[in-house]
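Listed here are the chains, written in short residue letters.
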Amino acid sequence: MAEKYDVTIFGATGFTGKNILDEVIKTAPKTTFPGQQPIRVAIAGRSREKLEQLVARLPTTGEGAAAGSIKVDVIVADAQDEESMRAMCRVSKVVIAAAGPFRFTGEAVVKACIQEGAHYVDITGEPEFIEGMMLKYHEQAKKEQVAIVHVCGFDSIPADLGVLYTKQQLEKNHNALPSTIEMFFKLHIAGNSGFAGNYATYASAVHGFGSAGLLRQLRKTANRPQIPKIGPSLAVNPKPHWVSKVAAYTIPFFFADPSVIRLSQQLVLQDKDLQASQAPPVQFSAYICIPSFKTLVITIFASTAFGLLAKYEAGRRFLLKHPRLFTLGVFSHDGPSKQQLAETSFSETFYAQGYSKELRDKHPNPEDLRCVQPDVSLVTSVSGPEPGYVATPKMVVQAAYTLLRQKDKVPNGVLTPAVAFARTDLIDRLQEQGIVFSTVVKN
């Protein structure tokens, strides 16, 4: 049997898939892997013609191609054809899944990876898909010694690893027991071109909002453990409101991050084999920052209409037919321009509280802390370039490289980033790629 591909990108001809391939081409020559150089790369999808056209367009000289040192092979694989999926995974060490919406295409890749012993990372942000795969395949993946790691793009590496990093800083700097973390997400637009997104991202959101009922049923079936509260309950404000410390109006964060962070903590509580992969549990809340009252009103109006229509099949069809209308021109089949990508960045700020050892010694019973205010605070940040199509390829590629280089430090099973990569150097590798984890304020 021929030597396996180190990385196979499934869905490489899609908008984000192409960016992931570009990132592999750019970074692989500078990355060393045990026993082999250069890295072996394949791209996979349904259409051989499109895959070969993509390879033909790759630069053969210059920094982007490392003077042609990375050869890219083609694998024809269709999520509707189980044997083709198994054949793809059989010749792959790590599969990067980039074809969405994942609720339609993702399970075939997960299943084939587990059957053929390939590790897996993806860029999904769909809680229903993530939690369904955990419920169905976690034990099987452990048995086959395979790591299936979801949400390795903007959903939800910055948030999930940001919470992990913040817990670690509390413990490192103060020997403090974490209690609460509040996250505030900001999108920064430096120029006049505005922010834009690709249709596939929008379609995943439409189907995600439409499956809220299925997600509730999944969680009921999974019956995951309650996360213990340390200290007084964290107050969560569900209404739009002004927050002085971030100088912005805020609304609750309605994407995958809160679900993923909850899953990270529940996995550790539920699976004793994972206890070494996470710090103590923490209460968590997340908000999106809106810079002006006018933008706040527009956001509330658009999200309300979106949420109402997404509940019904006819409404979802209408939403999918008119992405520009319901996102005020933000999402389209064209996707963002190079200028829009260059002028956009993100930041997530984490406001944490915890208990010093001195205070814990005074209250040795954890239940007593429910009536005691934390005495340690810390502010951290995760920031980077445009989140969806610049930062996401950087993050998922570095996650794949981490599985190649440090699999001995990654547990097996269907995992979240914080559980999978807690004992690896992934945060350091992300720092080198411009995804910056930092401590802003120590107290």
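This text follows the structure it describes.
Since we're looking at a predicted model, the values are computed, not measured.

Visitor: Tell me about the overall build of the chain, residues and numbers included.
Guide: What the chain contains, in helices and strands, is 17 helices and 16 strands. For the chain, whose C-alpha radius of gyration is 22 Å, the value lies close to the compact-globule estimate of 22 Å for 443 residues. Buried residues in the chain amount to 53% of all 443 residues. Here the analysis covers contacts within the chain between residues at least 6 apart in sequence; of these, 82% occur between residues at least 24 apart. With the model as given, the accessible surface of the chain reaches about 19,600 Å², and the carbon-plus-sulfur share is 53%.

Visitor: Just give me the short version of a nonpolar patch on the surface, but keep the residues and values in it.
Guide: On the surface, a cluster of nonpolar side chains totalling about 260 Å² of accessible area is made up of Phe209, Phe254 and Phe255. You can see Phe254 is positioned in the loop between strand E10 (248-252) and helix H9 (257-270). Judged by its relative accessible area of 37%, Phe254 is partly exposed.

Visitor: Hey, could you go over helix H15 (residues 387-406) for me, with residue numbers and the actual values?
Guide: When you tally the buried positions in H15, you get 17 out of 20 residues, the bulk of the element. The opening residue of H15, the one whose side-chain oxygen lies 3.1 Å from the backbone nitrogen of Gly388, is Glu386.

Visitor: Provide a residue-level description of the pairing of strand E1 (residues 5-10), including the pertinent values.
Guide: Of all six residues that make up E1, six are buried, and the element is covered over most of its length. Bridging between E1 and strand E4 (residues 92-97) involves five bridges; their strand directions are parallel. Residue Tyr5 lies in a different strand from E4, and its bridge partner there is Ser92. Note: E1 against strand E2 (residues 41-45), four bridges, orientation parallel. Bridge assignment links Ile9 to a residue of E2, and that residue is Ile43.

Visitor: Tell me about the nonpolar core, and name the residues and values.
Guide: Grouped together as the largest cluster of nonpolar side chains are 109 residues, with contacts concentrated most on Phe10, Met88 and Val121. A total of nine residues in this core trace back to one element, the largest contributor, which is H15. Once residues within four sequence positions are removed from consideration, Val121 is found in contact with Val94, Val95, Ile96, Ala97, Val149, Cys152, Val396, Ala399, Ala400 and Leu403.

Visitor: Quick rundown of the sheet that holds E4? Include the residues and the values.
Guide: Reading across the sheet, the seven strands line up as E3-E2-E1-E4-E5-E6-E15 and stay open at both edges, with parallel pairing between neighbours. Sheet topology places strand E3 (72-76) and strand E15 (413-415) at the edges, where each strand pairs with a single neighbour. Across this sheet, the average inter-strand angle for adjacent strands is 20°, counted without regard to direction. Against the sheet, helix H1 (residues 15-27) makes contact with E1, E2, E3 and E4, and its axis sits at roughly 160° relative to E1, the strand it touches most. Set on the sheet, helix H4 (residues 102-116) makes contact with E1, E4, strand E5 (119-122) and strand E6 (147-149); between it and E5 the angle comes to about 160°.

Visitor: Please set out the packing of aromatic side chains residue by residue, giving values where relevant.
Guide: Applying the stated criterion across every chain yields a total of 16 aromatic pairs. Centre to centre, the rings of Phe184 and Tyr287 are 5.3 Å apart; their planes meet at 20°, and the pair counts as stacked. Of the two residues, Phe184 sits in strand E7 (residues 177-189) while Tyr287 sits in strand E11 (residues 283-290), which places them 103 residues apart along the sequence. Of the two residues, Phe184 and Tyr287, both sit in the buried class. One aromatic cluster in this structure is built from Phe154, Phe185, Phe253, Phe254, Phe255 and Phe346. Over the ring of Tyr5 we find Arg40, and its NZ or CZ is 4.4 Å from the ring centre. Sitting over the face of the ring of Tyr351, Lys245 holds its NZ or CZ atom 4.2 Å from the ring centroid.

Visitor: Could you give an account of the pattern of salt bridges, naming the residues involved and the relevant values?
Guide: Throughout the structure, instances matching the rule amount to 19 salt bridges. The shortest N-O distance in the salt bridge between Arg103 and Glu128 comes to 3.1 Å. Taken as a pair, Arg103 in helix H4 and Glu128 in helix H5 (residues 127-143) lie far apart in primary sequence, 25 residues in all. Each member of the pair, Arg103 together with Glu128, is buried. A salt bridge links Glu313 to Arg317, with the shortest nitrogen-to-oxygen separation between them at 3.4 Å. Of this pair, Glu313 and Arg317 both sit in helix H11 (residues 313-321), separated by four residues, roughly a single helical turn. A relative accessible area of 54% places Glu313 in the exposed class. Connected via shared salt-bridge partners are Glu83, Arg86, Arg90 and Glu116.

Visitor: Outline the environment of Glu171, listing residues and values.
Guide: Mapped onto the fold, Glu171 is located in helix H6 (residues 157-174). Distance in space between the C-alpha atoms of Glu171 and Ala256 is 26 Å, their sequence separation being 85 residues.

Visitor: Tell me what's going on with helix H8 (residues 212-222), and back it up with residues and numbers.
Guide: Within H8, the full set of buried residues consists of Leu215, Leu218 and Ala222. An end-on view of H8 places all buried positions within 60° of arc, on one side of the element. Seen from the buried face of H8, the exposed residues on the opposite side, beyond 90 degrees, are Arg216, Lys220 and Thr221. Buried residues along H8 sit against H5 and H9.

Visitor: So what's going on with a positive patch on the surface? Residues and values would help.
Guide: Residues Lys18, Arg46, Lys50 and Arg57 make up a contiguous surface patch of positive charge. The topology assignment puts Arg46 in the loop between E2 and helix H2 (48-57). Under the relative-accessibility criterion, Arg46 is labelled exposed at 68%.

Visitor: Any details on unusual backbone geometry? Residues and values, ideally.
Guide: In this model, Gly100 is joined to Pro101 through a cis peptide bond whose omega is -5°. Residue position: Pro101 is located in the loop between E4 and H4. Of note, the bond from Asp155 into Ser156 is cis; its omega dihedral lies within 30 degrees of zero at 0°. Relative to the helices and strands, Ser156 resides in the loop between E6 and H6. Even without being glycine, Val151 reaches a positive phi, approximately 45°. Mapped onto the elements of the fold, Val151 is located in the loop between E6 and H6. Residue class for Val151 comes out buried when judged on its relative accessible area of 0%.

So, how was this worked out
- Residues numbered from 1 in each chain as written.
- Predicted model: local features only at pLDDT ≥ 70, side-chain atom pairs only at ≥ 80, totals over all residues.
- Heavy atoms only, no water.
- Helix = DSSP H or I, 4+ residues; strand = E, 2+ residues; numbered from the N terminus.
- Rg over C-alpha atoms; globule rule 2.2 N^0.38 Å.
- Buried < 20%, exposed > 50% of the residue type's maximum accessible area, 1.4 Å probe, protein only.
- Contact = heavy atoms within 4.5 Å.
- Areas by Shrake-Rupley, 256 points an atom, 1.4 Å probe, with all protein chains shown as cover.
- Patch = residues over 30% accessible without salt bridge, like charges linked within 9 Å, V, L, I, M, F, W, Y side chains within 5 Å.
- Salt bridge = Lys/Arg side-chain N within 4 Å of Asp/Glu carboxyl O.
- Polar contact = N/O pair within 3.5 Å; in protein donor to acceptor, adjacent residues only side chain to side chain.
- Pairing = 2+ DSSP bridges.
- Core = buried A, V, L, I, M, F, W, Y, C linked by side-chain atoms within 4.5 Å.
- Axes fitted to C-alpha atoms, helices over the stretch in contact; angles between N-to-C directions.
- Phe/Tyr/Trp six-rings, centres within 6.5 Å; stacked < 30°, edge-to-face > 60°.
- Lys NZ or Arg CZ within 6 Å of the ring centre and 35° of its normal.
- Arc of directions from axis to C-beta.
- Lys, Arg positive; Asp, Glu negative; His and termini not counted.
- Charge placed at Lys NZ, Arg CZ, Asp CG, Glu CD.

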